Amino acid sequence: MPPYHHSGSSKGRMMLPLVIALLAGLSVLPTRWSGWVGQLSRLVVIPTGPLSGYVVSVTRSVLSPPEPPRAEELRLLEEQKQAYETLYLREREQTQRLREYIKELQQGLALNPDAKVQPLIVPVIGTSADLASGMLCLRKGTAEVDHNTVATTTGLQLVGRVTSTSGPACYVAPITRKGAGKLAAAVMTGEGRPVLGTILTPTGDGRLKGDVLRLEGEEGPIPTPEPGQLVRLLDDGWPSSSRMLIVGRIESVGPSPEDPLRPVIVVRPTLNIERVSEVVLRLQAAGEAPR
Amino acid sequence: MRWAPFLLLAWVFLGLEIGLRSAMPFGEAGIAPSFALILCVYVSMGATHAHAHWAALLLGACVDLASRRVLRGGGDVTVLGPNALGFLLACQLTLVMRGVVFRKNPLALAFLASVGGVVCAVLVTSILLFRSLYDPTEIRAGTELWHGVLSAAYTGLLGLPLGAVLLALNPLLGFYSGPTRRGIGR
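Residues numbered from 1 in each chain as written. Chains lettered and ligands numbered in written order. Predicted model: local features only at pLDDT ≥ 70, side-chain atom pairs only at ≥ 80, totals over all residues. Heavy atoms only, no water.

### Examining the interface of chain B and chain A
When the parts of a complex come together, some accessible area is lost, and that lost area is often taken as the interface size. Opposite the 54 residues of chain B that make contact, chain A presents 52 residues. Between chain B and chain A, a total of about 4500 Å² is buried, with carbon and sulfur atoms accounting for 65% of that surface. Joining chain B to chain A, the criterion identifies zero salt bridges. For the interface between chain B and chain A, the tally reads 13 residue pairs in polar contact (both at pLDDT 80 or more). At the level of secondary structure, the elements contributing two or more residues to the side of chain B that touches chain A comprise α1 (3–19), α3 (49–65), β1 (69–70), β2 (76–77), α4 (82–97) and α5 (106–131) of chain B. Residues belonging to the side of chain B that touches chain A are distributed by class as follows: 31 nonpolar, 13 polar and 10 charged. (Contact = heavy atoms within 4.5 Å. Buried area = accessible area lost by both parts, 1.4 Å probe. Salt bridge = Lys/Arg side-chain N within 4 Å of Asp/Glu carboxyl O. Polar contact = N/O pair within 3.5 Å; in protein donor to acceptor, adjacent residues only side chain to side chain. Helix = DSSP H or I, 4+ residues; strand = E, 2+ residues; numbered from the N terminus. Nonpolar A, V, L, I, M, F, W, Y, C, P; charged D, E, K, R; others polar.)

What follows is the structure, given as structure tokens:
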């Protein structure tokens, strides 16, 4: 770029105000007309992705707290237990829903097929430069990732949903960030089917908070939620394949400010989901309709 | 200014901006130093006005393109412009003030990076706040501004060690590294 006092300086003088005016216009352009700008982010993500991905993997491996020493076999067994427990609860919940579908069918209503998922492990290559959004930037490569694809850790801990894609990258909004929205979940108070539910709202400090309610159709005595109990996703707004994924564990229980008789729970994910170095994208298998 | 070494430095600093910011202490709380702004201020301290302006716009636009703003009701949007204009403002401030600071001192770079960070944060927050009047862009202006000011101070802190490294690269970028006198670098 020539300095102003060299030949062609008039061109340089003309260009700068024009570019500034263009950027000023773009910065106030409403979202409905500026969707194409997101596609330009690949101009930055593609060249910087390998470097930032390396930086993320190095820093997160250095900064993540050391796991307590335990036998590899025990760790594998625990992971398997979590996986089978999630599968069992999902199947049981699915059976319940199928019963309801049958009832609906008998009443002449349409049935939505259940979605199958294909897991895809992808590395986290950075975060949004705007830290307030807390979004994770993932390298998905050439995989076709739809909007709202669910992201989890390898241990079935829910991370969030894909909000946008740009070239080989996609962005996930963690469930603990304020902009992520509310989340309906079930409180696992015992071995049986969940009796209590909650609508969790992110508090902005890596936790979620919500009033505990009795789930629809459940009867009998109301169990009391206790710290340490698991909270699992049970939200109709999320893909059906993500039901019963782990939202976190109850950190504390207290009375609701509005209704002292109703408990309020604070839930913390089982690990820091904003600092994971890789996630599992649960892609919808072809031909399956998301819910 | 030599553009090839600048672009290489920009690549490294943007990689750190995207990959390292959130991992820095307080990063999870939204307070983190801006590597790209330090480079912008460094270039503004040594390059000609025209080169400094274009470099600031380029760095700011890259930061914009690497940012995602959350929308109310879900989704996100990339807003191109706020950081580009903010970096340009920080660059202009540095160009005005570089005559009254000792350019070879990392402390000067750290100070100018802090001040530049504050003006950049004010401009970015103002633009986003204006957008939120008619657009579903999610913004908490007070928090964003407060985090911006703290991040600017953090940027200044990081500017000290990084400034020492960058100032040693003056000959590589074609910046004058001898004794300062009136007219040099303009």
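Next comes the rest of the account.
### Some details on the packing of aromatic side chains
On inspection of all chains with the given rule, the structure shows three aromatic pairs over all chains. Measuring from ring centre to ring centre gives 5.7 Å for Phe 130 of chain B and Tyr 134 of chain B, while their planes differ by 75°; the resulting arrangement is edge-to-face. You can call Phe 130 of chain B partly exposed: its relative accessible area is 43%. Across from the ring centre of Trp 33 of chain A, 4.7 Å away, lies the NZ or CZ of Arg 32 of chain A, which sits over that ring. The aromatic ring of Trp 238 of chain A is capped on one face by Arg 161 of chain A, whose charged end is 4.1 Å from the ring centroid. (Phe/Tyr/Trp six-rings, centres within 6.5 Å; stacked < 30°, edge-to-face > 60°. Buried < 20%, exposed > 50% of the residue type's maximum accessible area, 1.4 Å probe, protein only. Lys NZ or Arg CZ within 6 Å of the ring centre and 35° of its normal.)

### A few points about empty space enclosed by the protein
Using a probe with the size of a water molecule, rolled over the atoms, empty space left in the structure can be pinpointed. Per the stated rule, a full pass over the model turns up two cavities of 30 Å³ or more. A volume near 90 Å³ is recorded for the second largest cavity. Lining the second largest cavity are Thr 127, Ser 128, Leu 131, Gly 134, Leu 136, Arg 177 and Glu 274 of chain A together with Ser 22, Gly 27 and Glu 28 of chain B. Class assignment for the residues of the lining of the second largest cavity results in two nonpolar, five polar and three charged. (1 Å grid on protein atoms, 1.4 Å probe; cavity = no way out; pocket = protein on both sides within 12 Å on 5 of 7 lines; lining within 4 Å. Points joined across faces, edges and corners; volume = space filled by probe spheres on them.)

### Looking at unusual backbone geometry
One non-glycine residue, Met 244 of chain A, lies in positive phi territory at about 70°. Position of Met 244 of chain A relative to the elements: it lies in the loop between β9 (230–233) and β10 (246–255).

### Some points on the pattern of salt bridges
Should the charged atoms of two oppositely charged side chains come close, the side chains can pair. Here the structure, examined in full by the defined rule, presents 12 salt bridges over all chains. Note that Glu 85 of chain A is salt-bridged to Arg 232 of chain A, the shortest N-O span being 3.7 Å. With Glu 85 of chain A in helix α3 (residues 72–106) and Arg 232 of chain A in strand β9, this residue pair connects regions lying 147 residues apart in the sequence. Note on Glu 85 of chain A: relative accessible area 28%, which makes it partly exposed. The salt bridge involving Arg 131 of chain B is made with Asp 135 of chain B; its shortest N-O contact spans 2.9 Å.

### Some words on the nonpolar core
The biggest cluster of nonpolar side chains holds 65 residues, and the ones touching the most others in it are Met 1, Phe 6, Leu 39, Tyr 42, Val 43 and Phe 87 of chain B. Listed by contribution, the elements that provide at least two residues to this core are α1 (9–27) and α2 (42–63) of chain A together with α1, α2 (35–46), α3, α4, α5 and α6 (141–168) of chain B. Beyond its immediate stretch of four places on either side in the chain, Val 43 of chain B contacts Met 1, Phe 6, Ala 52, Ala 55 and Phe 175 of chain B. Counting 36 residues, the second-largest nonpolar core is a separate cluster that includes Val 122, Val 247, Val 276 and Leu 283 of chain A. (Core = buried A, V, L, I, M, F, W, Y, C linked by side-chain atoms within 4.5 Å.)

### A closer look at the confidence of the model for chain A
All names here are of chain A. Per-residue confidence for chain A gives a mean pLDDT of 79, with 84% of residues at or over 70. Ranking the elements of chain A by mean pLDDT puts α3 last with 77 and strand β11 (residues 263–268) first with 90. Per-residue pLDDT stays below 50 along residues 1–7; that stretch engages in 17 contacts with residues further than four places along the chain or on separate chains. Confidence drops under a pLDDT of 50 for residues 108–112, and excluding neighbours within four residues, the segment shows five contacts in the predicted structure. (pLDDT = per-residue confidence, 0-100.)

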